[in-house]
Amino acid sequence: MSGRVALVTGGTGGIGTAIVKRLADNGYRVATNYRNAEKAQAWQAQMRDAGYEIAIASGDVSDHEEAEKMVRDVEAQLGPIDILINNAGITRDGTFHKMHALQWQDVINTNLNSVYNVTRPVIEGMRDRKWGRIIQISSINGLKGQYGQANYAAAKAGMHGFTISLARENAKLGITVNTVSPGYVATDMVMAVPEEVRAKIAADIPTGRLGRPEEIAYAVNFLVADEAAWITGSNLDINGGHHMGW
Ligand code: NDP
C-alpha cells in the first residue's frame, strides 16, 4: 500500500468515481474537488457507505484562483500531492458555424485551461520531492475530431501538446506526464446522447459496446505505479478499437 496522495479532478463524475475507487483500493489517499457542496457531500457519504474515505475540496477548475485554493485545501487535508489526474471535463456541442463564444470558452476553460490551473500549483512540490505522476484524461475525439465538437476536440488535442512538453521538462525529476484518451464510455456525459445515436456509436466500435468507467481507471492505475517510471509523454488509447493507428 503506497499511501501516496492523489488528486482526481471531477472525481464525482462517472469516470472520476471509478478512478477514485481504484486508486483508493490500492492504498492511495485520494481527494477530489467539487463545485456544489450539497452534491459533493452526498457523493462523499455514498463513498463512505461503500467503504471509501475520500477527501473533498471546493473549487471550480476553470477558475485559476479557485483551483489553486482547492489544491492548497487538499494539501492541508492529506499532505503534498504526488499524483494528479486532470479528469474534470464538459461538452457544449454544436457545429462550429453556429457555435457561440460561450460554448467555445466554457469548453476550453474547463477542459484545457483547467489543466494549467490545477497542475501549476502542484508541479513545484513534485519537482522538489523528485516524484510525481500527472495524467490528463483526453478523448478519442481529440485525436480524430468529431462533428459538432470543434471546441471539445481542440481542448482535448491541446492536452497532448501540454503533456509532451511537461514530460520533457520534468523527465529527469522522477515525474511522468501522460494522457489517457478514452473512447465512448457509458457515463452521464455519453448517456445524454440520444439512444439511437449511442446505438450507432456502439455498432461502430469493433468490440461492439461502450466502455466501462472501470476500464479507464485500470489504465490510470497502471500509469501511476512506481513501475511505470519509464512511461512518459505517452498517450494511451482506450476505445474498444474505435480508433486505431497514428
Ligand atoms: P461526467 O460528466 O460524468 O463527470 C465530469 C466531472 O467533471 C464531474 O465530477 C463534474 O463535476 C466535473 N466538472 C465539470 N466541470 C467542472 C469544473 N469547472 N470544475 C470542477 N469540476 C468540474 O463525465 P465523464 O466521467 O464521462 O468524463 C470524465 C472525463 O473523461 C472528461 O474530461 C471527459 O471529457 C473525458 N472523456 C469522457 C468520455 C466518455 O465517453 N464519457 C470519452 C472521452 C473522454 P460537477 O458534478 O460539479 O458537474
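Residues numbered from 1 in each chain as written. Predicted model: local features only at pLDDT ≥ 70, side-chain atom pairs only at ≥ 80, totals over all residues. Heavy atoms only, no water.

Trainee: Would you mind going over the confidence of the model for the chain with me for this structure?
Mentor: Low pLDDT marks regions whose predicted coordinates should not be analysed in detail. Of the residues in the chain, 99% have a pLDDT of 70 or more, and the chain-wide mean is 97. Helix α7 (residues 188-191) is the least confidently modelled element of the chain, averaging 88 in pLDDT, while strand β4 (residues 83-86) averages 99, the highest of any element. (pLDDT = per-residue confidence, 0-100. Helix = DSSP H or I, 4+ residues; strand = E, 2+ residues; numbered from the N terminus.)

Trainee: I would appreciate a short explanation of helix α1 (residues 14-25) in the present structure.
Mentor: The periodicity of an α-helix, 3.6 residues per turn, causes residues three or four places apart in sequence to face the same way. Spanning twelve residues, α1 covers 17 Å between terminal C-alpha atoms, matching the ideal 16 Å at 1.5 Å per step. For α1, the set of buried residues is Ile15, Gly16, Thr17, Ala18, Ile19, Val20 and Leu23. Of the residues flanking the end of α1, it is Gly27, one or two places downstream, whose phi is positive at about 90°. (Expected span 1.5 Å × (residues − 1). Buried < 20%, exposed > 50% of the residue type's maximum accessible area, 1.4 Å probe, protein only.)

Trainee: Just to check I follow, could you spell out helix α4 (residues 101-129) for this structure?
Mentor: With 29 residues, α4 ought to run about 42 Å at 1.5 Å a step, and its terminal C-alpha atoms sit 41 Å apart, in line with that. The sharpest bend along α4 comes to roughly 45°, located at Asn113. Where α4 terminates, the next one or two residues include Lys130, which has phi positive at roughly 60°. (Bend = angle between axes of the 7 residues up to and from the residue.)

Trainee: Whenever I open this one, the UniProt feature "domain: Ketoreductase" (unreviewed entry) in the chain confuses me. Can you help?
Mentor: In this numbering, the UniProt entry assigns the feature "domain: Ketoreductase" (unreviewed entry) to residues 4-183. In this annotation, residues 4-183 is assigned 52% helix and 18% strand; the end-to-end C-alpha distance for the span is 29 Å. (UniProt positions renumbered as here; feature names shortened; annotations may be inferred.)

Trainee: What should I look at first to understand the packing of α4 against helix α6 (residues 150-170) in this one?
Mentor: A pair of packed helices is characterised by two quantities: the angle between their axes and the separation of those axes. Packing of α4 against α6 brings their axes to within 8 Å, and their N-to-C directions diverge by 15°. As the angle between them shows, α4 and α6 are arranged roughly parallel. In this structure, the crossing between α4 and α6 has a hand that is right-handed. Contacts between α4 and α6 involve Gln103, Trp104, Val107, Ile108, Asn111, Leu112, Val115, Thr119, Ile123 and Arg127 on the former and, on the latter, Ala150, Asn151, Tyr152, Ala154, Ala155, Lys156, Gly158, Met159, Phe162, Leu166, Glu169 and Asn170. In the contact of α4 with α6, the residues fall into 13 nonpolar, six polar and three charged. (Axes fitted to C-alpha atoms, helices over the stretch in contact; angles between N-to-C directions. Parallel < 35°, antiparallel > 145°, perpendicular 65-115°, else oblique. Left-handed = near helix turned anticlockwise from the far one by under 90°. Contact = heavy atoms within 4.5 Å. Nonpolar A, V, L, I, M, F, W, Y, C, P; charged D, E, K, R; others polar.)

Trainee: Which parts of the structure should I look at to understand the environment of Thr163?
Mentor: Position of Thr163 relative to the elements: it lies in helix α6. Considered as a pair, Thr163 and Ser234 are 71 residues apart in the sequence and their alpha carbons are 8.0 Å apart. One polar contact links the side chain of Thr163 to the main-chain carbonyl oxygen of Met159, over a distance of 2.7 Å. (Polar contact = N/O pair within 3.5 Å; in protein donor to acceptor, adjacent residues only side chain to side chain.)

Trainee: Is there a simple way to explain the pattern of salt bridges in this structure?
Mentor: Note on pairing: side chains with opposite charge can pair once their charged atoms come close. Counted under the stated rule, the structure contains seven salt bridges. Across the pair Asp226 and Arg4 runs a salt bridge, and its minimum N-O distance is 3.1 Å. In this pair, Asp226 is assigned in the loop between α9 (213-223) and β7 (235-238) and Arg4 in the segment before β1 (5-8), connecting sequence segments 222 residues apart. In this structure Asp226 comes out as partly exposed when scored by relative accessible area, which is 43%. Under the relative-accessibility criterion, Arg4 is labelled partly exposed at 21%. We note a salt bridge from Arg72 to Glu75, for which the minimum N-O separation is 2.9 Å. Here Arg72 and its partner Glu75 are both found in helix α3 (residues 64-78), three residues apart, which amounts to about one turn of the helix. (Salt bridge = Lys/Arg side-chain N within 4 Å of Asp/Glu carboxyl O.)

Trainee: Honestly, the sheet that holds β4 in this entry has me stumped. Any pointers?
Mentor: Hydrogen bonds between backbone groups are what pair the strands of a sheet, and the pairing can be parallel or antiparallel. Pairing is parallel across the open sheet formed by seven strands, whose spatial order is β3-β2-β1-β4-β5-β6-β7. Unpaired on one side and paired on the other, β3 (55-58) and β7 mark the two borders of the sheet. Across the sheet, the mean angle separating the axes of adjacent strands is 20° when strand polarity is ignored. Across the sheet, α4 touches β1, β4, β5 (132-137) and β6 (175-182), and the angle it forms with β4 is around 170°. (Pairing = 2+ DSSP bridges.)

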